[in-house]
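So the chains spell out like this:
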Amino acid sequence: MHDIRLLRDQLDRLRDGMRRRKKLDELAPLLDRAEELERDRRSAITELEAQQAQRNRLTQEVGERRKAGREATDLIAAGRAAGDVIAALEHRKSSAEAAVQALLYELPNLTFDEVPEGGEEANRIMRAWGAPRPDGSLIKPHWEIGERLGMLDVTRGAKISGSGFIVYRGIGARLVRGLMNMMLDIHTVEHGYEECSVPLVVNRASMTGTGQLPKFADDMYHINEEDLFLIPTSEVPLTNLYRDEILDATELPKSLCAFTACFRREAGAAGKDTRGLLRVHEFDKVELVKYTTPETSLTELELLTSHAEVILQRLELPYRVVLLAAGDTGFASAKTYDLEVFAPGVGKWLEVSSCSVMSDFQARRANIRYRPAPGEKPRFVHTLNGSALAFSRIIASLLEHGQQPDGSVHVPEALQSYVGCSTLR
RNA sequence: GGCGUGGUGGCCGAGUGGUUUAAGGCAGCGGUCUUGAAAACCGCCGAACCUGAAAGGGUUCCGUGAGUUCGAAUCUCACCUACGCCGCCA
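Residues numbered from 1 in each chain as written. Chains lettered and ligands numbered in written order. Predicted model: local features only at pLDDT ≥ 70, side-chain atom pairs only at ≥ 80, totals over all residues. Heavy atoms only, no water.

A. Spotlight on the nonpolar core. L175, L179, L312, L315, I394, L415 and L424 are the most contacted members of the largest nonpolar core, which has 61 residues in total. Once you skip the residues sitting within four places of it in the chain, L415 turns out to touch L175, G178, L179, M182, L315 and L398. L11, L31, L104 and Y105 belong to the second largest nonpolar core, which has 16 residues in total. (Core = buried A, V, L, I, M, F, W, Y, C linked by side-chain atoms within 4.5 Å. Buried < 20%, exposed > 50% of the residue type's maximum accessible area, 1.4 Å probe, protein only. Contact = heavy atoms within 4.5 Å.)

Take a look at the structure:
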């Protein structure tokens, strides 16, 4: 969410931000309405507070007269009248406020200056590591490899839960467990993240805090009776951990990581890249989250991205780092690097990580602040997050990239001790 | 699930309708003293918002939301949450 003051002072900046995302046509009317509502909100507040000050004087005098043993019926009548006016102004204020808030909730974050303008076509490949294998056209897709090795049971996953739910079996399940341990070990021991084990179910306030709600409600699994949501990523619980809190500056940067399942309805995505493990409703992920000062968030983004890259390098998977253009950058993000890994069997670069700095967009929604120094005013932190990494697509890529002529699959050296073998067969 | 007791500033904690402008303490900041530090003493010390060029003025906030009242931290109701006991249960 944006600072409501931008509607007064820096409407042009908001407009320009939407333009860079190619969303100005869609959002300009919304901005104008918000600006108008914000003016009305302020005038209501000004009037309301003058009335409240007046009433405070009245009621205080009532108290004084009572104490002196005198009548105050005239003041009480005046107070009652003031109360009616105040109630009306309060209503005007709160409805304007709710309306502005609702509009602000629909506005995506402003991207940083170095983020290229425009849509997906303006994405910029920053660097690449490793090389796709030259015999890619001979490689089978991961669903065939996985089924043949008895690692994946897509059919029974669909039977027990529905399409898009995968059963990993045998060495496949062991691979999931190995990846989890390997990634968490590297992030905690080598990169200094605190490991967290968090709920997979969160409340509405948490989903609003990180920006999934209200705009993207249709993408979430919702539990009606308790009004709870299945997390689409552990970014949600990890970032909401410090909702409504004031951190000490000495605690920053704060680095957290968690392994969780992630749940996505993927409403409207039917038919696109749906085979095998490419797009599923439930997948595992190790997530990195950081809380930083505004001054350090961009350097911390580079660091966090490099932490995700380390995993890919240990897994010996060729990948590239893509700086997303403004129009392709997520709703809450100010700057995002996608990590894409090559899967030769399907012949595609798969997005296995998205590393973002959210500036103060989430911090403002979730009210997460820090105190720069003792006695100073609290400021909003910057929040960052990145997958490191998303399992299902990594497994797809591992199977395809590691496929050998005899149909077995090579296990990268760093993973061997975690999986207990050097070849999946 | 039932009954009971709580939720007050960064932390602890007093406060049962009107000088609450939320006592007091801890922590923090500044000062006196000291070669320096500690101790002692003195002062300052919550957040958000409106208005204003500024100085300043004003409003709101005692778990959340409604209500009663001229006036609510205080009274009423609902909800959230913590703890205790009972019930159920892996």
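B. Region of the structure containing helix 4 (residues 73-104). The end-to-end C-alpha distance of helix 4, which contains 32 residues, comes to 46 Å, matching closely the 46 Å that a straight helix rising 1.5 Å per residue would cover. For helix 4, every residue scored as buried is listed here: L75, G79, A82, I86, L89, A96, V100, L103 and L104. (Helix = DSSP H or I, 4+ residues; strand = E, 2+ residues; numbered from the N terminus. Expected span 1.5 Å × (residues − 1).)

C. Local environment of unusual backbone geometry. A cis geometry characterises the amide bond from L213 onward to P214, with omega recorded as 0°. With an omega of 5°, the peptide bond between A388 and L389 qualifies as cis. Mapped onto the elements of the fold, L389 is located in strand 16 (residues 382-390). Even without being a glycine, K22 presents a positive backbone phi close to 65°. Looking at K22, the relative accessible area reads 59%, which means it is exposed. Its identity is not glycine, yet N367 carries a phi of approximately 55°, on the positive side. Residue placement: N367 occurs in the loop between helix 11 (361-366) and strand 14 (368-371). Judged by relative accessible area, N367 falls into the partly exposed class, the value being 24%.

D. Structural context of the pattern of salt bridges. With the rule as written, the count across this model stands at 33 salt bridges. For R204, the salt bridge goes to D227, with nearest N and O atoms at 2.8 Å. Placement of R204 in helix 8 (residues 204-210) and of D227 in the loop between strand 6 (222-223) and strand 7 (228-230) is noted, with a sequence separation of 23 residues between them. One continuous salt-bridge network, built from bridges that share partners, spans R8, E38, R41, R42 and E97. (Salt bridge = Lys/Arg side-chain N within 4 Å of Asp/Glu carboxyl O.)

E. Structural context of the environment of V62. Positionally, V62 belongs in helix 3 (residues 24-68). For V62, a relative accessible area of 15% corresponds to the buried category. When the C-alpha atoms of V62 and I76 are compared, they prove to be 7.3 Å apart, with 14 residues separating the residues in sequence. The residues touching V62, leaving out its near neighbours within four places in the chain, are A72, L75 and I76.

F. Layout of the pairing of strand 14. Burial along strand 14 is one-sided: I368 and Y370 are buried, and none of R369 and R371, which face the opposite way, are. In this structure, strand 14 lies alongside strand 15 (residues 379-380), joined through 2 bridges in antiparallel fashion. When the bridges of strand 15 are listed, Y370 appears paired with R379. (Pairing = 2+ DSSP bridges.)

G. Spatial organisation of the sheet that holds strand 6. Taken together, 3 strands build an open sheet; the order of strands is 5-7-6 and the sheet is antiparallel. Because the sheet does not close on itself, it has two edges, and the strands there are strand 5 (201-203) and strand 6. Judged from the 3 bridges that link them, strand 5 and strand 7 form a sheet pairing that is antiparallel. Bridging from a neighbouring strand, V202 pairs with F229 of strand 7.

H. Representation of the packing of helix 3 against helix 4 within the structure. Across the interface, helix 3 lies against helix 4 with an axial gap of 7 Å and an inter-helix angle of 155°. Comparing the axis directions of helix 3 and helix 4 gives the class roughly antiparallel. In this structure, helix 3 meets helix 4 at a crossing whose hand is left-handed. (Axes fitted to C-alpha atoms, helices over the stretch in contact; angles between N-to-C directions. Parallel < 35°, antiparallel > 145°, perpendicular 65-115°, else oblique. Left-handed = near helix turned anticlockwise from the far one by under 90°.)

I. The arrangement of the protein's contact with RNA strand B in detail. Close to RNA strand B lie 22 residues, the nearest being R8, E49, Q52, T59 and R80. Per the 4 Å cut-off to the protein, sugar and phosphate atoms form 73% of the nearby atoms of RNA strand B. At 3.5 Å, a side-chain N or O of R41 approaches a phosphate oxygen of RNA strand B. One nitrogen or oxygen atom from the side chain of R80 is found 2.5 Å from a phosphate oxygen belonging to RNA strand B. Residue assignment for the surface near RNA strand B shows that the elements contributing at least two residues are helix 3, helix 4 and strand 14. If one sorts the elements of the surface near RNA strand B by residue count, helix 3 sits on top with 12 residues. Along the lines of polarity and charge, the residues of the surface near RNA strand B split into 6 nonpolar, 5 polar and 11 charged. (Near = heavy atom within 4 Å. Polar contact = N/O pair within 3.5 Å; in protein donor to acceptor, adjacent residues only side chain to side chain. Nonpolar A, V, L, I, M, F, W, Y, C, P; charged D, E, K, R; others polar.)

J. Examining the sheet that holds strand 8 (residues 245-248) more closely. The strand order across the open sheet formed by 3 strands is 8-14-15, and the pairing between neighbours is mixed. The sheet terminates laterally at strand 8 and strand 15, the two strands that pair on one side only.

K. Region of interest: the packing of aromatic side chains. Taken as a whole, this structure holds 6 aromatic pairs when the rule is applied. With a centroid separation of 5.7 Å and an interplanar angle of 85°, the aromatic rings of F331 and F361 are classed as edge-to-face. On the criterion of sequence distance, the pair formed by F331 in the loop between strand 11 (319-323) and strand 12 (335-343) and F361 in helix 11 is long-range, its members being 30 residues apart. For F331, a relative accessible area of 14% corresponds to the buried category. (Phe/Tyr/Trp six-rings, centres within 6.5 Å; stacked < 30°, edge-to-face > 60°.)

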